[in-house]
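These are the residues of each chain, in order.
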Amino acid sequence: MTATPDRQLDEPIAALGACLRPAIIAIDGPAASGKSTVGYRLAKALGYLYFDTGVMYRAVTWAALTRGVAIADEQAVSALAHSLVIDLHPPQPTQQDGRHATVLVDGQDVTWLLRAPEVDRNVSAVSAYAEVRAALTAKQRAIAHRYGRGDAERAGIVLVGRDIGTVVVPDAPLKLYIDATPEERARRRYHELRQQDKAVTYAQVLADILRRDRIDSERTLAPLRLAADAVRIDNSHQSADVTLKQALEALCARVGKL
Ligand code: DC
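Residues numbered from 1 in each chain as written. Predicted model: local features only at pLDDT ≥ 70, side-chain atom pairs only at ≥ 80, totals over all residues. Heavy atoms only, no water.

1. Remarks on the overall build of the chain
Broken down by element type, the chain carries 11 helices and 8 strands. Against the compact-globule benchmark of 18 Å for 258 residues, the chain has a radius of gyration of 18 Å, which places it among compact chains. A principal-axis box enclosing the C-alpha atoms of the chain has dimensions of 55 × 40 × 40 Å. Each of the 258 residues in the chain was classed as buried or not, and the buried ones make up 46%. Counting only contacts in the chain whose residues sit at least 6 apart along the sequence, the fraction spanning at least 24 positions is 73%. Total accessible area on the chain stands at roughly 12400 Å², and carbon and sulfur atoms take up 54% of it. For the chain, the distance from the average site of its 33 positive side-chain charges to the average site of its 31 negative ones is 1 Å. (Helix = DSSP H or I, 4+ residues; strand = E, 2+ residues; numbered from the N terminus. Rg over C-alpha atoms; globule rule 2.2 N^0.38 Å. Buried < 20%, exposed > 50% of the residue type's maximum accessible area, 1.4 Å probe, protein only. Contact = heavy atoms within 4.5 Å. Areas by Shrake-Rupley, 256 points an atom, 1.4 Å probe, with all protein chains shown as cover. Lys, Arg positive; Asp, Glu negative; His and termini not counted. Charge placed at Lys NZ, Arg CZ, Asp CG, Glu CD.)

2. What about the pattern of salt bridges?
Taken as a whole and judged by the stated rule, the model has 18 salt bridges. Where Arg67 meets Asp106, a salt bridge forms, and the shortest distance between an N and an O atom there is 3.2 Å. With Arg67 in the loop between helix H4 (54-66) and helix H5 (74-83) and Asp106 in the loop between strand S4 (102-105) and strand S5 (108-109), this pair connects stretches of sequence that are 39 residues apart. Accessibility expressed as a relative area gives 44% for Arg67, which makes it partly exposed. For Asp106, a relative accessible area of 42% puts it in the partly exposed group. Between Arg219 and Asp216 there is a salt bridge; the shortest N-O distance is 3.8 Å. (Salt bridge = Lys/Arg side-chain N within 4 Å of Asp/Glu carboxyl O.)

3. Considering the site of the ligand
Near the ligand lie 17 residues; those nearest to it are Arg58, Arg133, Arg162, Asp163 and Arg212. Within the contact set of the ligand, an oxygen atom lies 2.7 Å away from a side-chain nitrogen or oxygen of Arg58. Between the ligand and the protein, one listed contact pairs an oxygen atom with a side-chain N or O atom of Ser124 at 3.2 Å. Contributing elements (two or more residues each) for the shell around the ligand: H4, helix H6 (117-127) and helix H10 (202-218). Class assignment of the residues belonging to the shell around the ligand gives a composition of 3 nonpolar, 5 polar and 9 charged. (Near = heavy atom within 4 Å. Polar contact = N/O pair within 3.5 Å; in protein donor to acceptor, adjacent residues only side chain to side chain. Nonpolar A, V, L, I, M, F, W, Y, C, P; charged D, E, K, R; others polar.)

4. Considerations on the pairing of strand S2 (residues 49-52)
Taking every second residue as pointing to the same face, both faces of S2 are buried, with Leu49 and Phe51 on one and Tyr50 and Asp52 on the other. Where S2 lies against strand S6 (residues 156-161), 4 bridges are found, and the strand directions are parallel. Opposite Phe51, over in S6, you have Leu159 as the bridge partner. (Pairing = 2+ DSSP bridges.)

5. Examining the packing of H4 against helix H7 (residues 130-148)
Relative orientation of the contacting elements H4 and H7 amounts to 140 degrees, with a least axis distance of 10 Å. By the criterion of interaxial angle, the relationship of H4 to H7 is oblique. Of the two elements, H4 crosses H7, and the hand of that crossing is right-handed. Counted together, Met56, Tyr57 and Val60 of H4 and Val132, Arg133, Leu136, Thr137, Lys139, Gln140 and Ile143 of H7 form the full contact between these two elements. Across the contact of H4 with H7, the residue classes break down as 6 nonpolar, 2 polar and 2 charged. (Axes fitted to C-alpha atoms, helices over the stretch in contact; angles between N-to-C directions. Parallel < 35°, antiparallel > 145°, perpendicular 65-115°, else oblique. Left-handed = near helix turned anticlockwise from the far one by under 90°.)

6. Structural notes on H5
For H5, the complete set of buried residues consists of Val77, Ser78, Leu80 and Ala81. The buried side chains of H5 occupy one side of the element, clustering within an arc of 155 degrees when seen end-on. Set apart from the buried face of H5 by more than 90 degrees, the exposed residues are Gln75 and Ser83. For H5, the secondary structure elements touched by its buried residues are H4, H6 and H7. (Arc of directions from axis to C-beta.)

Shown next, in the form of structure tokens:
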């Protein structure tokens, strides 16, 4: 009988898990690079909390759009970022709809509403506002340190975003940067959207990816950057299993040096 890919990873996962308790793992990368997939699988394998910080920027954007707050009104959008109560929970066994976490905004389950094209179109603008970043970074840092100190119900945390290793938790001992070419990222996002019956063309998806890359990496505040001490993995031409294996190897090698 051949072992499943996950089985083959049991040993390195166990080895890593044994030396890492509690721990913060920071994962950054551009839109649709596969960072969420590797982050989620790592968190699941290690029994850590999975925290996709992008959902916080999406939650503020979604709230502005549904409450009639103009996206261009920086002050009003920033006020929302301070006042909203954004909660994340691991999915319940009954929630088998592909979610990695349940996101509540002021008590309402908005997990899938945050993926609406209108949120996609506006979230980069919202995430460039200084006060929005200040409010959300403070919340993310507090959560990361609570888990990092071992004061939480899980032994560690995997944070995924754009500025985790550079700004949110620059002191994180383990940092990954997951990358892929814009064309490959657009291809993956296009297939995802087509599976959801969304009427888009590949050219539109690629244009959107390039636009978001530009905003995310050219903004003055916390731009997308490779942290000096991050391990970069380009997964343009490999499977998610291979990327997970490389991530585990990189983390094991780093743990050995801590
Ligand atoms: O990863 P995502 O596509 O869900 O992120 C949504 C937006 O939030 C994206 O424009 C980048 C921004 N973001 C950010 O600026 N900093 C983070 N730590 C996470 C996301």
